[in-house]
Amino acid sequence: MYGSPADQGQQQQPSARSRVYGKVREGKSPVRPLKSDKDRQPPAGQGGPPDGGRPGGRMFSGGTSGARGKFRVGTLVKILAALLAALLVLGVVGFFWIDGRINTIAGVLDDYEGRPADGPGTNWLLVGSDSRKGLTAAQRRKLATGKAVGRRTDSMMLLHLSDSGEKATLVSLPRDSAVTIPGNGRNKLNAAYSDALRGGGPQLLVRTVEGATGLRIDNYMEIGFAGFVGIVDAVGGVEINVTEAINDPKAGLKLKKGKQILSGGEALGYVRTRYNGALPDYERTKRQRQFLGAVVKKAASPGVLINPFTSIPLATAATDSVDVSEGTGAFDLLSLGLAMGDSPVTTVVPFGGTEQVAGGEGVKWDRTRALALFNALAEDKPVPKEALQVN
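Report follows, based on the coordinates. (Residues numbered from 1 in each chain as written. Predicted model: local features only at pLDDT ≥ 70, side-chain atom pairs only at ≥ 80, totals over all residues. Heavy atoms only, no water.)

Moving on to the overall build of the chain. A count of helices and strands for the chain gives 13 helices and 17 strands. Residues counted as buried form 39% of the 391 residues belonging to the chain. Here the contacts in the chain between residues at least 6 apart in sequence split such that 64% fall between residues at least 24 apart. (Helix = DSSP H or I, 4+ residues; strand = E, 2+ residues; numbered from the N terminus. Buried < 20%, exposed > 50% of the residue type's maximum accessible area, 1.4 Å probe, protein only. Contact = heavy atoms within 4.5 Å.)

Put into structure tokens, the structure is as follows:
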């Protein structure tokens with residue numbers, strides 16, 4: 001059992017002589033064979049990775065899960081790209097659809113001898129006519145528009161879009177302004193549009209405004225009563241801050257004081273009424289500018305533009321009811337809308353006193369201040385404060 005000393009020496013040396021990969025191995029435990037990667041993985045359900053991958057959290061750094069992640073991101077990018085492409089196509093199609101529906105008036109901006117030269121910026125003449133075209137008898141009674149035949153301008157505004165980055169300037173031209181109408185002498189401004197005047201209509205109105213202001217009109221746009229109501233109703237009404245309660249049966253209007261949403265019919269009455277104010281026509285021009293700014297902002301709001309249930313009826317109502325000069329297209333109307341949505345400088349032609357003209361008592365412009373206003377616009381410069389009529 002104990003053996004000889006020689007045997008004992010041989011039993012004490014194996015560890016010193018044991019070698020692993022050519023090196024002397026320390027310790028007395030037996031050498032175990034190396035295991036393959038497959039043998040190292042624990043059985044399913046005993047702490048191994050759920051997908052059979054390698055331990056140590058490598059599933060996030062590559063392998064099948066990484067491919068899945070890349071696949072999902074790639075798919076999402078493709079879906080977004082497809083949606084953007086579809087929106088772009090719809091936008092282009094919609095643009096050309098609107099452009100093709102625009103009604104134009106021939107000859108409104110035709111050249112004539114002595115016409116003002118083209119200057120910097122873009123000048124629009126915006127006209128609201130009292131045309132009852134498109135209104136039924138019941139609608140005329142409801143809106144209190146009367147049965148007047150022919151046509152007259154109910155509101156006129158000059159909008160200057162600057163090339164220098166300045167805010168647009170919106171100038172009301174009082175309908176009773178005393179001006180010289182080419183071929184017809186001195187009369188009220190709105191008479192230039194009337195059928196009763198020789199050559200009356202949009203073309204004569206443009207020539208009259210150009211002669212009175214010294215500005216060349218680049219674009220002309222007009223809208224009648226029916227179109228006015230349709231556009232307001234298409235955007236779901238507009239919010240107006242009514243500064244004083246109004247009860248005007250002639251305009252079919254009864255409004256309380258304060259902020260409120262006006263329907264198309266109420267908005268029409270609001271811009272037509274001469275119920276209050278020491279200078280009814282002047283107060284009327286203020287309401288017209290107030291309304292125009294409100295309806296353009298509402299029409300350009302995301303809630304209207306991205307909603308097909310409002311944007312399509314709006315586009316249809318606008319193109320059905322608005323008439324523009326030849327050469328005025330959808331891009332020009334877009335520029336107009338953007339300028340109006342950016343809170344333009346608003347004013348009315350400075351005036352002082354009255355003058356007897358063919359149509360009765362007309363509003364006489366303050367020549368010095370009016371020239372300062374129109375000269376600034378002709379040079380595409382900000383209007384001097386002294387030329388702005390206090391609103």
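Let's shift gears to the packing of aromatic side chains. Inspection of the entire model under this criterion finds one aromatic pair. Centre to centre, the rings of Trp-365 and Phe-374 are 5.9 Å apart; their planes meet at 45 degrees, and the pair counts as tilted. Note on Trp-365: relative accessible area 15%, which makes it buried. The ring of Tyr-112 has Arg-207 lying over it, and the distance from NZ or CZ to the ring centre is 4.2 Å. Over the face of the ring belonging to Tyr-270 we find Arg-287, whose NZ or CZ atom lies 5.9 Å from the ring centre. (Phe/Tyr/Trp six-rings, centres within 6.5 Å; stacked < 30°, edge-to-face > 60°. Lys NZ or Arg CZ within 6 Å of the ring centre and 35° of its normal.)

Now for the side chain of Thr-310. Inspection of the secondary structure assignment puts Thr-310 in helix α11 (residues 308–321). Apart from the residues lying within four places of it in its own chain, the contact partners of Thr-310 are Ala-234, Gly-303 and Val-304.

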